[in-house]
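Listed below are the residues making up each chain.
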Amino acid sequence: MSSNNTGEPNKTTGQYHSLKGTVVETVGNLTGAQSWQQSGKQEHAEGETEYKAAQAKGYAEGTIDRVGGKKDAVVGAITGDRQQEVLGNVRQDKGEAQQEINKNV
């Protein structure tokens, strides 16, 4: 899996390598170059794998924010700490948005 310089999977680089692999495979198909076909298929598959790994990581991070935010909001409501309650609601909303962006369709 190719990844950015942090070693973490990245949706953008995953899409780039998926598309590049498709282009290389197509050139190989048009020219009959087996090595280009194979390397294109491989790069496409690696790109798809990286994209899906980044998507799963983003969804998991969204879950953590959603659950942590809900906890903070409830604790804030129980203790009367309005700031903690509001910040918890904001974190929960952020987590839900991140989950929505990264869900499998």
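These notes cover the structure that comes with them. Keep in mind that this is a model prediction, so the values were computed, not measured.

1. A few points about the pattern of salt bridges
Alright, step 1. Overall, the coordinates contain 9 salt bridges when judged by the stated rule.
Alright, step 2. Here Lys71 ties to Asp72 by a salt bridge, and the two come within 2.8 Å at their closest N and O atoms.
Alright, step 3. Residues joined in a network through salt bridges with shared partners are Asp65, Lys71, Asp72, Arg91 and Lys94.

2. Digging into the packing of helix 1 (residues 11-31) against helix 2 (residues 34-79)
Alright, step 1. Running from N to C, helix 1 and helix 2 cross one another at 160°; their axes reach a closest spacing of 7 Å. Here helix 1 is positioned roughly antiparallel relative to helix 2, judged by the angle of their axes. In this structure, helix 1 meets helix 2 at a crossing whose hand is left-handed.
Alright, step 2. Of the residues belonging to the contact of helix 1 with helix 2, the class tally is 5 nonpolar, 15 polar and 7 charged.

3. A closer look at a nonpolar patch on the surface
Alright, step 1. Together, Leu19, Val23, Val27 and Trp36 line one region of the surface with nonpolar side chains, adding up to about 370 Å² of accessible area.
Alright, step 2. Mapped onto the elements of the fold, Val27 is located in helix 1.

4. Considerations on the side chain of Asn102
Alright, step 1. With respect to the helices and strands, the residue Asn102 is situated in helix 3 (residues 82-102).
Alright, step 2. At a separation of 3.0 Å, a polar atom in the side chain of Asn102 contacts the main-chain carbonyl oxygen of Gln98.
Alright, step 3. Setting aside its immediate chain neighbours within four residues, Asn102 contacts Lys11, Ala54, Gln55, Gly58 and Tyr59.

Rules of the game
- Residues numbered from 1 in each chain as written.
- Predicted model: local features only at pLDDT ≥ 70, side-chain atom pairs only at ≥ 80, totals over all residues.
- Heavy atoms only, no water.
- Salt bridge = Lys/Arg side-chain N within 4 Å of Asp/Glu carboxyl O.
- Axes fitted to C-alpha atoms, helices over the stretch in contact; angles between N-to-C directions.
- Helix = DSSP H or I, 4+ residues; strand = E, 2+ residues; numbered from the N terminus.
- Parallel < 35°, antiparallel > 145°, perpendicular 65-115°, else oblique.
- Left-handed = near helix turned anticlockwise from the far one by under 90°.
- Nonpolar A, V, L, I, M, F, W, Y, C, P; charged D, E, K, R; others polar.
- Patch = residues over 30% accessible without salt bridge, like charges linked within 9 Å, V, L, I, M, F, W, Y side chains within 5 Å.
- Areas by Shrake-Rupley, 256 points an atom, 1.4 Å probe, with all protein chains shown as cover.
- Polar contact = N/O pair within 3.5 Å; in protein donor to acceptor, adjacent residues only side chain to side chain.
- Contact = heavy atoms within 4.5 Å.

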